[in-house]
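Summary of the model geometry
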Amino acid sequence: MSISSDPNPVESHSFAVVAPLKAILFDIDGILCGSDPLHYYAFREMLSENISGRHNEELCGTLLPDWDIQRARKFFEDKEDMFRRLASKQLEPVKGLQKLCKWIDEHGLRRAAVTNAPRPNGELIISILDLSNFFEILVIGNECEWAKPFPDPYLTALKALEISHKHAFVFEDSVSGVKAGVAAGMPVVGLGTRNPEKLLLDAGASFVIKDFDDPKVWTSLEDLLETKA
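Note that this is a predicted model, so its numbers are computed, not measured. (Residues numbered from 1 in each chain as written. Predicted model: local features only at pLDDT ≥ 70, side-chain atom pairs only at ≥ 80, totals over all residues. Heavy atoms only, no water.)

What follows concerns the overall build of the chain. The helix and strand tally for the chain stands at nine helices and six strands. The buried share among the 229 residues of the chain stands at 46%. As presented, the chain carries roughly 11900 Å² of accessible surface, and 52% of it is formed by carbon and sulfur atoms. (Helix = DSSP H or I, 4+ residues; strand = E, 2+ residues; numbered from the N terminus. Buried < 20%, exposed > 50% of the residue type's maximum accessible area, 1.4 Å probe, protein only. Areas by Shrake-Rupley, 256 points an atom, 1.4 Å probe, with all protein chains shown as cover.)

Here you go:
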């Protein structure tokens, strides 16, 4: 399954192309919450445990990619454990998320969370944000044949929801996620919290917002309602 190498970002903020809108698909990290600083902190702490008191020759061997696979996996497992401990105390939703979720609920739209994060991370974040009853399904990239930037995770979500890509769109904050949504045939709204707007647009995002209170989101949703009417 290939990804288009010629993305053609949509200039308009209108989503008339997906009318009638039936589903909205969300990435998790960086979309539902600002989790990147916690990932950074967890990486920093894990690395500090591996470099403290060691000389440069040793560090070269440790930090360069010559670790055996078991050691590398254990490092990332420990890092994810630390992230989850931090997340349970410090996660906050992206501004406007509750308002958007209420709007989606009121209009009877289907919804799914689609992430490359490990399942325990995704489930924890959704639970912390009190969205366990909001999302119908959670799709994990590594549980699909191919993870993002391939379209498989989003295609898996659409199949589970029994919704055509012609009636759904995606919220994403990473280049790989935007490419995955576009490759699955859906418009993608980029959230510019950690990546420059140009990168997301070049990847194929229809437009980029700063958070879910951004007027561009609500203008687009109102356009869809008018089109449906």
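Another point: helix α4 (residues 97-106). All of the buried residues in α4 are Leu97, Leu100, Cys101, Trp103 and Ile104. For α4, the angular spread of buried residues about the axis comes to 160°, placing them on one side. Counted as exposed and oriented over 90 degrees from the buried face of α4: Gln98, Lys102 and Glu106. Following α4 by one or two positions, Gly108 has its phi on the positive side, about 65°. (Arc of directions from axis to C-beta.)

With an omega of -5°, the peptide bond between Ala19 and Pro20 qualifies as cis. Note that Pro20 resides in the segment before β1 (23-26). Note that the residue after Lys148, namely Pro149, is joined by a cis bond; omega there is 20°. Along the chain, Pro149 falls in the loop between β3 (137-140) and α6 (152-161). Not every positive phi belongs to a glycine, and Asp130 is a case in point at roughly 60°. Relative to the helices and strands, Asp130 resides in the loop between α5 (119-128) and β3. For Glu162, which is not glycine, the phi dihedral falls at a positive 55°. Residue placement: Glu162 occurs in the loop between α6 and β4 (168-172).

Within the open sheet, the six strands sit side by side as β3-β2-β1-β4-β5-β6. Their pairing is parallel. The sheet is open, and its two edges are formed by β3 and β6 (207-209), each paired on a single side. On average, each strand axis in the sheet is tilted by 25° relative to the strand beside it, whichever way the strands run. Bridge count for β1 against β4 is four bridges, and the pairing is parallel. (Pairing = 2+ DSSP bridges. Axes fitted to C-alpha atoms, helices over the stretch in contact; angles between N-to-C directions.)

So, on to α5. Because an α-helix packs 3.6 residues into every turn, residues spaced three or four apart end up facing the same way. Turning to α5, its buried residues are Asn121, Gly122, Ile125 and Ile126. The arc that holds every buried residue of α5, seen down its axis, measures 125°, which confines them to one face. At the exit of α5 stands Asp130, carrying a positive phi of roughly 60°.

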